[in-house]
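Results of the structural survey
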Amino acid sequence: MSAPVDVVVVAHRSAATIDACVRSAVREPMVGSVFVVDSGSPDDSSAIARRAGARVLRAPNRGFGAGCNLGVGATTADHVLLLNPDAELRPGTLAALVDHLDRTPGCGLVSSDLEHPDGRREPVARRRPSVLRCPLEPGLAARLDAAWYQRRLPDGGPVQWLSGAALLARRTAFDEVHGFDERYFLYGEDADLCLRMQAAGWTTEWVPGCPTSHRSGTSTAGLGPSAKELWAQGWRRVLDDHHRHPSAARRATQVGLVGRAVVWTALGRRDRAETWARASRAMATTPTTEPRGTGRADRIALLGTAIDVVDLDGAVERIAAMAAEGSFRHVVTANVDFLRQADESSPTRAALRAADLVVPDGVPLLWMARWQRTPLRGRVNGTDLTVRLLERAGATGWTVCYVGGEPGVAAAAAEAAAGRWGTRTAGIRCPSPEEMDDPVAGREVAEWVRSTGADLVLLAIGGGRQERWVHQHRDALGDGVVIGVGSALDFVAGTRPRAPRWMQQAGLEWAWRLAQEPGRLWRRYLVEDPQVLLAFARERAAAR
């Protein structure tokens, strides 16, 4: 029997089309769950999707690729369908795509035909960009591919690049290449994903004869002239990342864009001429140089894990702004062990990628960042951050929910915070690790957290576990800021002494903790963490 499929839809201002999109997926018998990632929509997209049967994940608008990564991280099926909000599955299409993946073990990504409401077919099978074809981008090159390249493949099969609104991904292949590169905001991410999958040994294939309905352009209709600028930015990234001669390819693309501006000027359409001129200027603008996959210029990447460039004061202010928004936010205090877990565990990697703020809680992270010449502003110690936030909560009136820790620790921490800073407590609960790992019991805890209405949730169930739990149940957690604080509650409660300040500043806090809990921490500090540092050293040596 075919493996079940989960569906991910990234929505932004999609109220007009999201109902039909979700319902077309929900009615498919092999679909397990439909996840709609609402990327900051100001309309009713979330409510409409929820009524249609989707699970809604709310997130800031970091682009299509980032939204897809967030949604895929919540899925559990072997295959994931990435469906545009202006697309609708037709009966039999998904079954044909799943059958193709099941019969083709080396295929990582597959797309169906795309058909407009008026019956026109949209080009899906695309060729790699070349200098000669770049002046025809965007639009004309796609038509050329439809007229020549796609017709040479009557039975489908491997293609160089899939431009699709309904892409079915094999989850193992998607995870192997770490999903979409989040530097691509709206255009070019499909080409980049295909080319990286092919570099990893997977094929990307087109299956004709099973169309998906697509109202092309509906999702970008509100962008106006800026859509062409976003396209130019994405296309430049594709050329810079994958073309053998990126400078020549960029210049060739600019020739085509300027040529269109000249033609529209001659025809008296200065509005359209300015649109293409703006696209040409965007092509000439050097994109931000944040490391692959971080998705933001104020982040760096260490061994593929995004870390925010922020110090303790900046982190407190960022979190205070999140709390003032009144929507769900996830904050991670990352250390070297998180890099190891992100490398070994897809759920942990997805949780870190989806987090709204990842702060560097560990002096070794500062050393690594300095080594790769992307220095951080300073360490954001998890305990110091917790104390500062509890102090801010007392001053601003935030309510705080304490979850986890050894029996009695959360209650002692809440009592200490109330006594020292006047912090108000919304709830206290000490679930067992087994309870948090169980999908049903863990979701019940998440729903209890939402019922407390807390502005700030301090979660102490162990590094990695707490981040995976938040990511798994983020749609049930309500609108507070959730932070994994680990052992910080012990220090707030006074049940465990902190390392002396000089050891903290010297990066030796690990030695203090190892001396306190050798049975629990010896393997992490003496075996696993050194392996991470060795892997980083090998990466830097290879980059020279």
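These figures come from a predicted structure and were not determined experimentally.

Here the focus is helix α16 (residues 409-421). With 13 residues, α16 should cover 18 Å at 1.5 Å per step; its first-to-last C-alpha distance of 18 Å lies within 8% of that length. For α16, the full list of buried residues reads V409, A410, A413, A414, A417 and W421. Considered in projection along α16, the buried side chains sweep an arc of 135° and stay on one side of the axis. Exposed residues pointing more than 90 degrees away from the buried face of α16 are listed as E415 and G419. Residues of α16 that are buried in the fold lie against α15 (382-396), β17 (399-404), β18 (424-429) and α20 (488-493). One or two steps after α16, the chain reaches G422, where phi turns positive at roughly 75°.

On to the pattern of salt bridges. Once their charged atoms are close, side chains differing in charge can pair, the charge on each being opposite to the other. This model, assessed by the stated rule, comprises 28 salt bridges. Here the salt bridges share partners, and the residues they tie into one network are R55, R443, E447 and D475.

Quick look at a nonpolar patch on the surface now. There is a patch of nonpolar side chains on the surface, built from W502, L508, W510, W522 and L526 and spanning about 540 Å² of accessible area. Positionally, W510 belongs in helix α22 (residues 509-516).

It is worth spelling out the pairing of strand β12 (residues 203-214) at this point. Counted residue by residue, β12 has nine buried out of 12 residues, so it is predominantly covered. Two strands pair when backbone bridges link them, and strand β5 (residues 87-88) and β12 are joined in this way by two bridges, in the antiparallel orientation. Along β12, the bridge assignment pairs E88 with S213.

A few words on the nonpolar core. The biggest cluster of nonpolar side chains holds 79 residues, and the ones touching the most others in it are V36, L81, L82, L83 and L168. Among the elements that make up this core, the one with the highest residue count is strand β1 (residues 5-11) (six residues). Discounting chain neighbours no more than four positions away, the residues touching L81 are V5, D6, V7, V8, L89, L94, A166, L167 and L168. Among the nonpolar cores identified, the runner-up in size contains 34 residues, and A315, V331, V409 and A413 belong to it.

Positionally, A261 belongs in helix α9 (residues 246-266). Each C-alpha atom, one on A261 and one on A277, is 5.8 Å from the other, the two residues being 16 residues apart in sequence. Here A261 is in contact with A273, W276 and A277, once residues within four sequence places are set aside.

One non-glycine residue, R13, lies in the positive phi region at around 55°. Relative to the assigned elements, R13 resides in the loop between β1 and α1 (18-26).

Pairing is parallel in the open sheet, where six strands are placed in the order β16-β15-β20-β19-β17-β18. Whereas interior strands pair on both sides, the edge strands pair on one side only; in this sheet they are β16 (357-360) and β18. Adjacent strand axes in the sheet meet at a mean angle of 20°, parallel and antiparallel pairs treated alike. Taken together, the three bridges between strand β15 (residues 329-334) and strand β20 (residues 481-484) define a ladder with parallel strand orientation. Counted as the bridge partner of V331 is I483 from β20.

This part takes up the confidence of the model for the protein chain. Any region with low pLDDT has predicted coordinates that should not be read closely. Summarising the model, the protein chain shows a mean pLDDT of 84, and 92% of its residues fall at 70 or more. Scored below 50 in pLDDT, residues 288-297 makes 32 contacts in the model with residues more than four places away or belonging to other chains.

Tallied over the full model, the rule gives five aromatic pairs. When the centroid spacing of 5.8 Å and the interplanar angle of 15° are considered together, the rings of W231 and W235 count as stacked. In this pair, W231 and W235 both sit in helix α8 (residues 226-242), four residues apart, roughly one turn of the helix. Judged by relative accessible area, which is 3%, W235 ranks as buried. Every member of this aromatic cluster is reached through a ring pair, and the members are F64, F174 and F180. For R260, the ring lying beneath its charged end belongs to W276, and the centroid distance is 4.8 Å. A cation sits over an aromatic face here: R272 above W264, 4.7 Å from the ring centre.

Looking at α1, one finds that the buried residues are I18, C21, V22, S24 and A25. End-on, the buried residues of α1 take up no more than an arc of 160°, which puts them together on one face. Where α1 is buried, its residues touch β1, β2 (31-39), α2 (45-52), β4 (79-83) and β5.

A separate point is the state of the cysteines. The full count for this structure, using the stated rule, is zero disulfides. C194 provides the cysteine sulfur closest to C107, a residue in no disulfide bond, and the two sulfurs are 9.8 Å apart. A disulfide-free cysteine, C210 has its sulfur positioned 12 Å from the sulfur of C107, the nearest such atom.

So, on to the packing of helix α7 (residues 189-199) against α8. Look at α7 against α8: their axes get within 9 Å of each other, and the N-to-C directions meet at 20°. Between α7 and α8, the angle falls in the class roughly parallel. The way α7 lies across α8 gives a crossing that is left-handed. Where α7 abuts α8, its residues A191, D192, L195 and R196 lie against V238, D241 and H242. For the contact of α7 with α8, the class distribution of residues is three nonpolar, one polar and three charged.

What counts and what doesn't
Per chain, residue numbering runs from 1 following the sequence as it is written. Given that the model is predicted, a residue must reach a pLDDT of at least 70 before its local features are reported, and side-chain atom pairs must reach 80 or more before they are shown or counted; all residues, however, enter totals for whole chains, interfaces and linings. Each side-chain value is derived from all of the structure's non-hydrogen atoms; neither hydrogens nor water enter the calculation. Counting from the N terminus, the helices are the DSSP runs of H or I reaching at least four residues and the strands are the DSSP runs of E reaching at least two. By definition here, a helix of n residues has an expected span of 1.5 Å times n minus one. Under the scheme applied here, a residue whose accessible area is under 20% of the maximum for its type counts as buried, over 50% as exposed, and between as partly exposed, the area being computed with a 1.4 Å probe on protein chains only. Regarding the arc, it is the one traced by the directions from the helix axis to the C-beta atoms. The contact definition used throughout considers only heavy atoms, calling two residues in contact when any of these lie within 4.5 Å. We define a salt bridge as a contact between a side-chain nitrogen of Lys or Arg and a carboxyl oxygen of Asp or Glu at a distance within 4 Å. A patch consists of residues whose relative accessible area exceeds 30% and which take part in no salt bridge; residues with like charges are grouped when within 9 Å of each other, and nonpolar side chains (Val, Leu, Ile, Met, Phe, Trp, Tyr) when within 5 Å. Residue-level accessible areas treat just the shown protein chains as cover; the underlying method is Shrake-Rupley with a 1.4 Å probe. Two strands qualify as a pair provided that DSSP identifies no fewer than 2 bridges between them. Throughout, nonpolar core names a set of buried Ala, Val, Leu, Ile, Met, Phe, Trp, Tyr and Cys residues whose side chains join them through atoms within 4.5 Å. Axis definition: a line fitted to C-alpha atoms, limited for helices to the stretch in contact. Angles are taken between N-to-C directions and run from 0 to 180 degrees. For every residue, the predictor assigns a confidence score, pLDDT, that lies between 0 and 100. Between rings of Phe, Tyr and Trp, where Trp is taken as its six-membered ring, a pair exists when centres lie within 6.5 Å; planes separated by under 30 degrees are stacked, by over 60 edge-to-face, and by other angles tilted. Over a ring means this: the NZ of a Lys or the CZ of an Arg is within 6 Å of the ring centre and within 35 degrees of the ring normal. For this text, the term disulfide refers to a pair of cysteine sulfurs within 2.5 Å. Orientation labels follow simple angle bins: below 35 degrees gives roughly parallel, above 145 gives roughly antiparallel, 65 to 115 gives roughly perpendicular, and whatever is left gives oblique. Crossings are sorted by hand: turned counterclockwise from the far helix by less than a right angle, the near helix makes the crossing left-handed, and turned clockwise it makes it right-handed. Each residue gets one of three labels, nonpolar for Ala, Val, Leu, Ile, Met, Phe, Trp, Tyr, Cys and Pro, charged for Asp, Glu, Lys and Arg, and polar for the others, Gly among them.

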